[in-house]
Structure formats: structure tokens, C-alpha cells
Amino acid sequence: MGNFGGSLAIGSPAELRDLLKATGYVGIEDTDVLAEDWQTVEFADADQRSLPGLVEKTGAPVVMVSFLDSDVGFVEAMTPDGGAWDGLLNRGMAESYDIPLEDFPVEPVVAGALAWSEAAGLTSDAEVVRQALTGSATFAEELYGLLLVGLGIPGVSSAA
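Residue numbers run consecutively from 1 along every chain, following the written order of its sequence. Local features in a predicted model are, by the rule used here, given only for residues with pLDDT of at least 70; side-chain atom pairs are given and counted only at 80 or more, and totals for whole chains, interfaces and linings are based on all residues. Side-chain metrics rest on all non-hydrogen atoms present in the structure, leaving aside hydrogens and water.

Novice: Please clarify how the overall build of the protein should be interpreted in this entry.
Specialist: A run of H or I in DSSP counts as a helix once it spans at least four residues, and a run of E counts as a strand once it spans at least two, with each numbered from the N terminus. Looking only at helices and strands, the protein features six helices and six strands. From first element to last, N terminus to C terminus, the protein shows the α and β order β-α-β-β-α-β-β-β-α-α-α-α. Radius of gyration here uses only the C-alpha atoms, and the compact-globule reference equals 2.2 Å multiplied by the residue count raised to the power 0.38. Computed over the C-alpha atoms, the radius of gyration of the protein is 14 Å, within 12% of the 15 Å expected from 2.2 N^0.38 for a compact globule of 160 residues. Considered along the principal axes of its C-alpha atoms, the protein spans approximately 40 × 35 × 25 Å. For the protein, the proportion of its 160 residues judged to be buried stands at 48%. Partly exposed describes any residue whose relative accessible area lies between the buried limit of under 20% and the exposed limit of over 50%, with all areas from a 1.4 Å probe on protein chains only and scaled to the type maximum.

This is the structure:
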């Protein structure tokens, strides 16, 4: 397979660079401050413990995506109370990579995303979340931006 990299959105006003490094993120780019204490940041790589470690250290909800060549996005999200879900972006392209779509059933993922949004104190839009999780795009980053809008992340436009 190809190149990974990713992006995350976090509901915390904390300075992130040192926290991200301490939890296993590498190749960290500048933070983009959104609204209502939400931020986004891009990174080159993360390990399996990075997301839970970041949620634990900040006490904040996080949604993260890891990209495969900008073709497919693997989404993971957690809240401090332990709520978590994972999903897949760009299902048609994922199928061409032989990624098993049955591992990412749409309706349970939508339900998990909506529960995460509520636990994060956000107002989600189920149809936009579903559209992001079932849609196709030239670049998975486009669907991630749409997902953030659907989750109700403040200050995000669909071109995130």
C-alpha cells in the first residue's frame, strides 16, 4: 500500500505540539484554530496508542483520520468518557484496495458518530455524516471535511 498521513480535530484549547509528540504523533504541522476551543492539525504518522493517549492527556474529544494515498480514510474517534467509533471514507476506492467493507457497516458507524458528537457537546447532522461515510470523492480529505461538518465541529467548512 502507499503513503499514510492524517488529520485530527480536538475540542481543546491546549497547546498541542508537545502533547501530540508525547502521545506518538510525528510530522506534526501547525494547528488550525477553529471556533469554540476546537482545533485541527495534520500529522505524518501516529501509532495505535496515539489517539487514546491524546484523549487521556487532554480530557478532550478527538476525531482522527489516517489517509491511504488520499484515496481512503480510516476514521477513529474517542471521547474522555470512553465512547469510541471507527469508520471508513471513500468506500468505492477502499474496495479497490481490497479493504473489507463489512468491517465498517454504515449504520452502526453513523450511530457511533452521532453518539460521539452528542458526548462531545456538539449538534450533528445524521444525513451529512451518512453522506460522508457513503460518498465518493477524488480525495478522501474532501469526505473528511464533510464528516467534520456533519459531526458539528464548530468553525469547519466542508472544504476542511
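Novice: Whenever I open this one, the side chain of Asn90 confuses me. Can you help?
Specialist: In this fold, Asn90 is placed in the loop between β6 (84-89) and α3 (91-96). Asn90 gets classed as buried once you look at its relative accessible area, which sits at 1%. Residue contacts are defined here by distance: any two heavy atoms, one from each residue, within 4.5 Å place the two residues in contact. If near-sequence neighbours (up to four positions away) are discounted, Asn90 is found in contact with Asp71, Val72, Gly135, Ser136, Ala137, Phe139, Ala140 and Leu143.

Novice: Before we go on, may I ask you to explain the sheet that holds strand β5 (residues 72-78) in this structure?
Specialist: Strand pairing in a sheet is mediated by backbone hydrogen bonds. Such pairs are either parallel or antiparallel. Here six strands make up an open sheet; going across it, the order is β2-β3-β1-β4-β5-β6 and the pairing antiparallel. The outermost strands of the open sheet, each flanked by one partner alone, are β2 (31-33) and β6. Across the sheet, the mean angle separating the axes of adjacent strands is 15° when strand polarity is ignored. We call two strands paired when DSSP finds no fewer than two bridges between them. Taken together, the six bridges between β5 and β6 define a ladder with antiparallel strand orientation. By the bridge assignment for β6, Met78 is matched with Ala84. The angle between two axes is taken between their N-to-C directions and runs from 0 to 180 degrees, where each axis is a line fitted to C-alpha atoms and a helix contributes only its stretch in contact. Lying on the sheet, helix α2 (residues 50-58) is in contact with β1 (4-11), β4 (62-68) and β5; it crosses β5 at an angle near 35°. Each of β1, β4, β5 and β6 touches helix α6 (residues 140-151); the most contacted strand, β4, lies at about 165° to it.

Novice: Explain α6 here, please?
Specialist: For an α-helix, the turn length of 3.6 residues means that residues three or four places apart are oriented alike. Its twelve residues place the ends of α6 16 Å apart at the C-alpha level, agreeing with the 16 Å of an ideal helix rising 1.5 Å per residue. Counted residue by residue, α6 has nine buried out of twelve residues, so it is predominantly covered. All of the buried residues in α6 are Ala140, Leu143, Tyr144, Gly145, Leu146, Leu147, Leu148, Gly150 and Leu151. Summarising the contacts, the buried residues of α6 are in contact with β1, β4, β5, β6, α4 (106-119) and α5 (126-134). To estimate how far a helix should extend, the number of its residues minus one is multiplied by 1.5 Å.

Novice: When you look at empty space enclosed by the protein in this model, what are you seeing that I'm missing?
Specialist: To locate leftover empty space, one rolls a probe as large as a water molecule over the atoms. Only protein atoms enter the 1 Å grid used here. Points where a 1.4 Å probe fits but cannot escape make up a cavity, open sets with protein on both sides within 12 Å along at least five of seven lines make up a pocket, and a residue lines them when an atom lies within 4 Å of a point. Grid points are joined across faces, edges and corners, and a volume is the space filled by probe spheres set on the points. Under the definition given, this model contains one cavity of 30 Å³ or more. Taken together, Gly87, Leu88, Arg91, Phe104, Pro105, Val106, Val109 and Leu133 make up the full set of residues lining the largest cavity. For the lining of the largest cavity, the elements supplying multiple residues, two or more each, are β6 and α4. Throughout this entry, Asp, Glu, Lys and Arg are counted as charged residues, while Ala, Val, Leu, Ile, Met, Phe, Trp, Tyr, Cys and Pro are counted as nonpolar. The remaining residues, Gly among them, count as polar. Counted by class, the lining of the largest cavity contains six nonpolar, one polar and one charged residues.

Novice: For this particular structure, what's the right way to read the packing of α4 against α5?
Specialist: Helix packing geometry: the angle between the two helix axes and the distance between the axes. Interhelical geometry of α4 versus α5 gives an angle of 130° and a closest axis separation of 10 Å. In terms of axis orientation, α4 runs oblique to α5. Read as a crossing pair, α4 and α5 show a hand that is right-handed. Across the interface between the two elements, Val106, Glu107, Val109, Val110, Ala113 and Leu114 of α4 pack against Ala126, Val129, Arg130, Leu133 and Thr134 of α5. Among the residues making up the contact of α4 with α5, the classes are represented as eight nonpolar, one polar and two charged. When describing relative orientation, an angle under 35 degrees is termed roughly parallel and one over 145 degrees roughly antiparallel, while 65 to 115 degrees is termed roughly perpendicular and anything else oblique. The hand of a helix crossing depends on one turn: near helix anticlockwise from the far one by less than a right angle means left-handed, and clockwise means right-handed.

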